[in-house]
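Report on the structure
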Amino acid sequence: MSTPSRPLSRRGLISGAGAFAAVWGAARTVLAQPPVEASADVDPGSLLTKLVRRVTYGPTASELALAAQLGYHGYLDYQLNYTAIDDSACEARLSSLATLTMTQQEQYTQTGGATLLSNELTEATILRAIFSQRQLYQRMVEFWTDHFNIAINSEPANMLKSMDDRNVIRVHALGNFGDLLRASAHSPAMLTYLDNYLSTATNVNENYGREILELHTMGADNGYTQADVLDVSRCFSGWGYDSVATSPTRGAFRYSSTRHYNGAKTIFAGTPYQLNIAAGGGQTDGDRVLNALIAHPSTARYISLKMARWLLREDPSPSLVDRVAAVYTSTGGDIKSMIREILKPNNLASAPPKYKRPFHLMVSALRALPSNVTATSGLRGQLTSCGHRPFYWETPDGYPDTAMYWQGLILPRWNFGASLLNANISGCTVDYPAFFSGLTTAGPMLNKIEAELFAGEMPASEKARLNTYLGAGTISSTKTKEVLGVAIAAPSFQWY
């Protein structure tokens, strides 16, 4: 495995932040300057760059060329039909991460334990975000990973999450929501993370029952009561996993009839969706609850709202959410159809920019530059310093998807650019001489930066500030390197 990254010294950190502040002003000023949003009255062809920004972790020259070739709807269909996209080059990068393809039994017996499993899962997530051609698929994997959050900072979830990522999230990320929910409900990682494996007929644990209502399907206080939480939890009592070390099915889902509350239950009493479950249903009690939740209109609206927030804007209109929910209902929860409704040109045209979360910011910079990533231990450290290491959000609600939450962490974002260009992130280098090959003066260099990092949309005011930073005449090697770090810290690069 790779060696730990070399942390930026306090002097270096302050120096980097000071340089960025000198160019971009105080953090408050930076955050107050998102790009101007597009007009709603435009044709789809003029929205190609914006579409690429939303469905990828950052536009590249090749991705923009592909979008121009396929057109708005053709490019969206291309990304949605992700299994037809050749991703063999990315998967080849993952070949050394042996635990990704191990069976659960093999994962239990490999010598690196939970630490190796967690590190390889995180490394694969980062590498796929940077190098996968299936960009929309990777973004939806991140979305559902947060939606069905499972923290891997403790056992036994850290021994089981890798299988959940492979068999639950990645199998269904662009499939059917009902299938995804059912797979999650049978996931040993989820059932341990939310303590359902402890739930018995005489000591019902409500953690999973509450979260499947509040976070996974209907949304908080959206058509259910505390009595529903209790009876839903009773329906799932006995759902757990095989934890016996010597068992050949160790780590697999297991239903225990002796632990199940097998009495009668009533859910959503007094509503049009009342579900009466007779005594003696056994494991099918949970199956009936899942079917009821998948069909409930509150689930249609809640999932539609969250997907619209992820792909489009933090404040989707009620009418847009209703339209997406109608697609959910008419298609039985088809995720691709919902995305098509969300990303209709007029919806995208009027959507304001979204603030990049730290993971998105770092990946977008690495995609835009000639980066060489041989290990991700350094990136894991950078993400930790930004509070956004994958799979380490402890509570079940997943990492926040709001600018308000992330805007207070501007200093580590600034220092990421400086650290990356100064080769202070273990396993990551940028070939900046190749990036600026043949360019020695400010004008051509800034045009290159605008084209590659900003997809040709760098605000004139930011370009002017970088021009001032570079100065006249031949640019020194030091400034050639530094200007890329400063560009990554630019106000408009924080948004997409």
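Residues numbered from 1 in each chain as written. Predicted model: local features only at pLDDT ≥ 70, side-chain atom pairs only at ≥ 80, totals over all residues. Heavy atoms only, no water.

Digging into the pattern of salt bridges
- For the coordinates displayed, the defined rule picks out 19 salt bridges.
- When the shortest N-O distance is used, the salt bridge between K354 and D401 registers 3.0 Å. Here D401 lies in the loop between α20 (377–385) and α21 (403–406) and K354 lies in the loop between α18 (345–349) and α19 (358–368), a separation of 47 residues in the sequence.
- Given a relative accessible area of 3%, K354 falls into the buried group.
- With a shortest N-O distance of 2.7 Å, E450 and K463 are connected by a salt bridge. Of the two residues, E450 is situated in helix α24 (residues 442–453) and K463 in helix α25 (residues 460–470); the sequence distance between them amounts to 13 residues.
- The class for E450 is buried, based on a relative accessible area of 14%.
- It is possible to trace a salt-bridge network through shared partners that takes in E142, D146 and R357. (Salt bridge = Lys/Arg side-chain N within 4 Å of Asp/Glu carboxyl O. Helix = DSSP H or I, 4+ residues; strand = E, 2+ residues; numbered from the N terminus. Buried < 20%, exposed > 50% of the residue type's maximum accessible area, 1.4 Å probe, protein only.)

Overview of the side chain of S118
- With respect to the secondary-structure elements, S118 resides in helix α7 (residues 113–131).
- Discounting residues that sit within four places of it in the chain, S118 has contacts with I152, N158 and Y392. (Contact = heavy atoms within 4.5 Å.)

What about the packing of aromatic side chains?
- Taken as a whole and assessed by the stated rule, the structure comprises 20 aromatic pairs.
- Judged by centre distance (5.2 Å) and plane angle (50°), the rings of W393 and Y399 are tilted.
- Look at F435 and F436: their rings are 4.9 Å apart centre to centre, the planes differ by 85°, and that puts the pair in the edge-to-face class.
- The buried category is assigned to F435, whose relative accessible area is 6%.
- A relative accessible area of 3% means that F436 is categorised as buried. (Phe/Tyr/Trp six-rings, centres within 6.5 Å; stacked < 30°, edge-to-face > 60°.)

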